[in-house]
Structure formats: structure tokens, C-alpha cells
Amino acid sequence: MLCCLLPFILLITASITDEATLTLYGYSFFPKKINFRAYEYLFQAAGKIARAYGVTILITAVGTTLNVTMTMFMSYLLSKQDLPGRNFLSFFIFFTMLFSGGLIPTFILVKGLGLIDSRWAMVLPCLVNTWNLLIMRNFFYAIPKSLEEAAVIDGANDIQILTKVVL
């Protein structure tokens, strides 16, 4: 409990300690000079902070929705046994899980797409999560083919099968 509580207490005492005192003496559980200037700034910049949280929530919601949707469609596509080139496409996708390009290729991709200083730069490069795609594809494999065949006999197309039978 102390391992969780003490850093929180240290954070609170550092937030009410004078900045010069904090720089001179470092962090302490007992502040030498109390100053509430940080909290004054928080209340003055409440609009900026609220806007920043709004952007964070928006990017999280849009990114998560697009990520789950794209991962679902790709994993459903890769679960089809009769898809031509499925093995090559699966290898191509899963290879990126084993050997990630890293930060520099991601930056080159973002720059090449013209997304510098754009909110989409945080969403588009992470559009498909390979690990989730692997898990979802294996889930789709486990669904009996007879369910999909029955849906086809009833006149369902692939999108209807995905949304109404598989999911």
C-alpha cells in the first residue's frame, strides 16, 4: 500500500512547494516553502486543459472505433479459406508483428502522407493492431462453416453474415 500511496503524497507535496525551493532542495515529503501558484495556473488555464482533454477523448474514441472496425474486417477476410493469396497476405501482416519498423519509419510514413501536425497522425499509423487481428481471426476460424452456409442459403451477403452471424 505504501508503494502506491507514497508517490501520490510526494506528488501532492511537490505541487504545493515553491518552484525555486523544489529546484534548490529537490523533492521532499515536507515542503520548506508552500506555494499554490501551480493550482492558480490550473484554474486560469481551465479552458486549455478542457480542450486538451477533449482532443484526447476524441482521438481515443475515433482511433479505437477505426482500429476495431479495420481489424474486424481484415480478420474476417483472412479467416476465409478460399481467399486467393490469403497465406501471403497473412504472412505479410504478421511479419510486421515480429519485426516492427520502429519510430523512424513511422515518422517517414506520417511525413509522406502529409499528416505532420495533424490529429490523424495519431490514428492512421495504428489503424490495424496485428495482435488483435490474430486473435480475432482465430475466433472467426472457430465459428462453424455450417452457420455461414445456412446464412448464404437464406440469402445473406458477406456483410450480413459478418454483422448478424459472426459477430
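No experiment lies behind these values; they were computed from the predicted model shown.

Basis of the calculations
- Residues numbered from 1 in each chain as written.
- Predicted model: local features only at pLDDT ≥ 70, side-chain atom pairs only at ≥ 80, totals over all residues.
- Heavy atoms only, no water.
- Disulfide = S-S within 2.5 Å.
- Core = buried A, V, L, I, M, F, W, Y, C linked by side-chain atoms within 4.5 Å.
- Buried < 20%, exposed > 50% of the residue type's maximum accessible area, 1.4 Å probe, protein only.
- Helix = DSSP H or I, 4+ residues; strand = E, 2+ residues; numbered from the N terminus.
- Contact = heavy atoms within 4.5 Å.
- 1 Å grid on protein atoms, 1.4 Å probe; cavity = no way out; pocket = protein on both sides within 12 Å on 5 of 7 lines; lining within 4 Å.
- Points joined across faces, edges and corners; volume = space filled by probe spheres on them.
- Nonpolar A, V, L, I, M, F, W, Y, C, P; charged D, E, K, R; others polar.

Novice: Any details on the state of the cysteines? Residues and values, ideally.
Specialist: In this structure the tally under the stated criterion is 0 disulfides. No disulfide involves C3; its sulfur sits 6.8 Å from that of C4, the nearest cysteine.

Novice: Please set out the nonpolar core residue by residue, giving values where relevant.
Specialist: M72, Y76, F140, I143, A151, I161, L162 and V166 together form the largest nonpolar core, which totals 8 residues. Elements that contribute at least two residues to this core include exactly α4 (46-78) and α9 (158-166). Of the residues forming this core, the biggest block, 3 residues, is contributed by α9. In contact with Y76, not counting residues within four places along its chain, are F140, E148, D158, I161, L162 and V166. In this structure, L78, I93, F94 and L133 belong to the second largest nonpolar core, which totals 5 residues.

Novice: Lay out the side chain of E148 with the relevant residues and their values.
Specialist: Assignment of secondary structure puts E148 in helix α8 (residues 145-153). A relative accessible area of 9% means that E148 is categorised as buried. Once residues within four sequence positions are removed from consideration, E148 is found in contact with Y76, K80, I161 and V166.

Novice: Let's hear about the layout of surface pockets: which residues, and what values?
Specialist: Quantified by volume, the largest pocket comes out at close to 490 Å³. In this structure, the largest pocket is lined by 17 residues; those nearest its centre are T96, S100, G101, T106 and P125. Among the elements of the structure, α5 (86-98) and α6 (103-112) are those that each provide at least two residues to the lining of the largest pocket. If you tally residues by element for the lining of the largest pocket, the top one is α6, at 3 residues. Computed from the structure, the second largest pocket encloses a volume of approximately 150 Å³. Taken together, A14, S15, T17, D18, E19, L22, N35, R37 and A38 make up the full set of residues lining the second largest pocket. Listed by contribution, the elements that provide at least two residues to the lining of the second largest pocket are α1 (2-15), α2 (19-25) and α3 (37-44). For the lining of the second largest pocket, the class distribution of residues is 3 nonpolar, 3 polar and 3 charged.

None of this, on its own, says anything about what the molecule does.
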